[in-house]
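Given next are the chains, with one letter for each unit.
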Amino acid sequence: MVTRRSLLASTTALASATVAGCSAVLGEETDHHYVDMLNGSEESHAFAVTITDDAGETLFDRTYDLPARNGDENRVIDGSPASVAVAVDDDEPVQFPWAPREGRHANSEECSQGTSASLSIYYDPQSGDGVTPIYGCETAQDQ
């Protein structure tokens, strides 16, 4: 289980990675990708995350029951993601494209060889953003 301290450290590390520029130009063609679900709220929530490819085939489908300020990290996605849907509790899903080239910050540097896209889905209803996708780079590893 992820503690509040590790959740904050992960969020800080992820923000640093995106500022470093590795998320800006990574192609969607990478074989391995990673997804994290981070509950930044003060309450427990259930999250349903579905990631599909261009043909609408499901590449990743997982339900998380996360306590306040906790997360689940480094789940592997194989294939070429195209879209993401995230439902919080019984709400309608929030949908967004898998777009690591957009990242969270505009940079022109490339990720180093042996990296793949990571997506952290951060939920914080207090920030006004609700579900926020944050892309970055990860060292490709088989799990």
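Residues numbered from 1 in each chain as written. Predicted model: local features only at pLDDT ≥ 70, side-chain atom pairs only at ≥ 80, totals over all residues. Heavy atoms only, no water.

A complete count under the given rule lists two aromatic pairs for this structure. For the pair Phe47 and Tyr123, a centre-to-centre distance of 5.5 Å together with 70° between the ring planes defines the contact as edge-to-face. Of this pair, Phe47 sits in strand E2 (residues 45-53) while Tyr123 sits in strand E7 (residues 115-124), placing them 76 residues apart in sequence. Both residues of the pair, Phe47 and Tyr123, count as buried. Geometrically, the ring pair formed by Trp98 and Tyr135 is edge-to-face, given 5.6 Å between the ring centres and 80° between the ring planes. A residue pair is termed long-range when its members are at least 10 positions apart, and Trp98 in the loop between strand E6 (94-97) and E7 and Tyr135 in strand E8 (residues 130-139) qualify at 37 residues. Residue classification places Tyr135 among the buried residues on the basis of a relative accessible area of 3%. (Phe/Tyr/Trp six-rings, centres within 6.5 Å; stacked < 30°, edge-to-face > 60°. Helix = DSSP H or I, 4+ residues; strand = E, 2+ residues; numbered from the N terminus. Buried < 20%, exposed > 50% of the residue type's maximum accessible area, 1.4 Å probe, protein only.)

To continue, consider the sheet that holds strand E3 (residues 58-66). Spatial strand order, E3-E2-E5-E6: four strands in an open sheet with antiparallel pairing. Of all the strands in the sheet, just E3 and E6 have a single pairing partner and so form its edges. Averaged over all pairs of adjacent strands, the angle between strand axes in this sheet comes to 15°, irrespective of strand direction. Note: E2 against E3, eight bridges, orientation antiparallel. Each residue of the ladder has a partner; that of Thr52, found in E3, is Thr58. (Pairing = 2+ DSSP bridges. Axes fitted to C-alpha atoms, helices over the stretch in contact; angles between N-to-C directions.)

Moving on, we come to the confidence of the model for the protein chain. Of all residues in the protein chain, 64% have pLDDT values of 70 or greater, and the mean over the chain is 76. Across residues 105-111 the pLDDT falls below 50, and counting only partners more than four positions away or on other chains, this stretch makes 16 contacts in the model. (pLDDT = per-residue confidence, 0-100. Contact = heavy atoms within 4.5 Å.)

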